[in-house]
Amino acid sequence: MRIDVVTIFPGYLAPLRESLLGRAADAGLIEVALHDLRSWTHDVHQTVDDAPYGGGPGMVMRPQVWGEALDAVIASDSRPPRLVVPAPAGRSFTQATARAYATEQRLVFACGRYEGIDQRVVDHYSRQFPVDEVSIGDYVLVGGEAAVLVIVEAVARLLPGVLGNPRSAAEDSFSDGLLEGPAYTRPEVWRGQAVPEVLRSGNHGAIARWRRDRALERTAKRRPDLLAALPEDRLDAADQAF
Ligand SMILES: CC(C)N1CCN(Cc2ccc(Cn3ccc4ccc(-c5n[nH]c(N)c5C#N)cc43)cc2)CC1
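Draft legend 1. Structural view of the site of the ligand. Surrounding the ligand, one finds 19 residues, the nearest of these being E115, S135, G137, Y139 and L141. One nitrogen or oxygen atom from the main chain of V134 is found 3.4 Å from a nitrogen atom belonging to the ligand. In this structure, a nitrogen atom belonging to the ligand sits 2.6 Å away from a main-chain N or O atom of Y139. Calculation on the ligand without its partners gives an accessible area of 700 Å², and the protein chains cover 70% of this total. Put simply, the parts of the chain that give the shell around the ligand at least two residues each are β5 (82–92) and β7 (131–135). No other element matches the 3 residues that β5 contributes to the shell around the ligand.

Spelled out as structure tokens, the structure:
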């Protein structure tokens, strides 16, 4: 997978080259290219923003510079892109979105700042490629860069060969629609707290049941919306207690 990120703060995306993603890049599983939006400005001040039509606070990012940048970046590789634009008003980015993006050959991220990017940029490219405006959560950030770090990590970990243990991605939260339950490791007792007996029993059936119960219990308490959204056939008779 090729990932291009256009931003006025390329240094913000440096973590994409660290650890998990760094190894994936070194292994050729992911190619990451960072592009400074200001490279496509033509004035001495490298202006990327202007006052909003209709008035209001803040500034909006100019369409001309984004158009020149995205034209150049998209043309730099033959793989067809999905353009991803993080935005507070975007559709929610979920694990299902991450799974869908993991099947793409190429993702191009447009990181806005200020009050966002002139809408005509999204409208223009939507006529040529799939374009998604996505939000990583119901809180307000200052720009799209943090969202790109989140999205790229959530997607990259699903790519074959990126995670040391592929079962992790298959069994983590949200994969079966539930939150995962509590996890434990040695020592058996820590500050007077013992590991639940069943996990040391060697009874794999009982362990699986206990883990399922804890996942259902936690989901019911913390994310009843996920439980309500589960298809009927995903809950068996033993689950009905939740
Ligand atoms: C004055 C008043 C009526 N306005 C009302 C609407 N407000 C919306 C507004 C607020 C902040 C920003 C800053 N910003 C620029 C680009 C950008 C990309 C993503 C995000 C972002 N924030 N939160 C997420 N989950 C995000 C994601 N993904 C934020 C971004 C842009 C836009 C702005 C203020």
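Draft legend 2. Structural context of the side chain of T41. Structurally, T41 can be placed in the loop between β2 (31–36) and β3 (49–50). At 2.7 Å, the side chain of T41 and the backbone oxygen of R38 are in polar contact. With sequence-adjacent residues up to four places away left out, T41 is seen in contact with Q46, T47, V48 and V65.

Draft legend 3. Spatial organisation of the pattern of salt bridges. Taken as a whole, this structure holds 17 salt bridges when the rule is applied. Salt-bridge contacts for E31 lead to R2; the nearest nitrogen and oxygen are separated by 3.3 Å. In this pair, E31 is assigned in strand β2 and R2 in strand β1 (residues 2–7), connecting sequence segments 29 residues apart. Here E104 ties to R82 by a salt bridge, and the two come within 2.7 Å at their closest N and O atoms. Note that E104 is positioned in the loop between α3 (95–101) and β6 (106–110) and R82 in strand β5, a separation of 22 residues in sequence. Classification of R82 by relative accessible area gives buried; the value is 17%. Each member of the salt-bridge network shares a partner with another, and the members are R2, D4, E31, D77, R79 and R106.

Draft legend 4. Expanded view of the environment of A98. Relative to the assigned elements, A98 resides in helix α3. Judged by relative accessible area, A98 falls into the buried class, the value being 0%. For A98 and P57, which are 41 residues apart along the polypeptide, the C-alpha to C-alpha distance reads 33 Å. Every residue in contact with A98, bar those within four places of it in the chain, is listed here: F93, A154, V155 and L158.

Here is what the cut-offs are and how they apply
- Residues numbered from 1 in each chain as written.
- Predicted model: local features only at pLDDT ≥ 70, side-chain atom pairs only at ≥ 80, totals over all residues.
- Heavy atoms only, no water.
- Near = heavy atom within 4 Å.
- Polar contact = N/O pair within 3.5 Å; in protein donor to acceptor, adjacent residues only side chain to side chain.
- Areas by Shrake-Rupley, 256 points an atom, 1.4 Å probe, with all protein chains shown as cover.
- Helix = DSSP H or I, 4+ residues; strand = E, 2+ residues; numbered from the N terminus.
- Contact = heavy atoms within 4.5 Å.
- Salt bridge = Lys/Arg side-chain N within 4 Å of Asp/Glu carboxyl O.
- Buried < 20%, exposed > 50% of the residue type's maximum accessible area, 1.4 Å probe, protein only.

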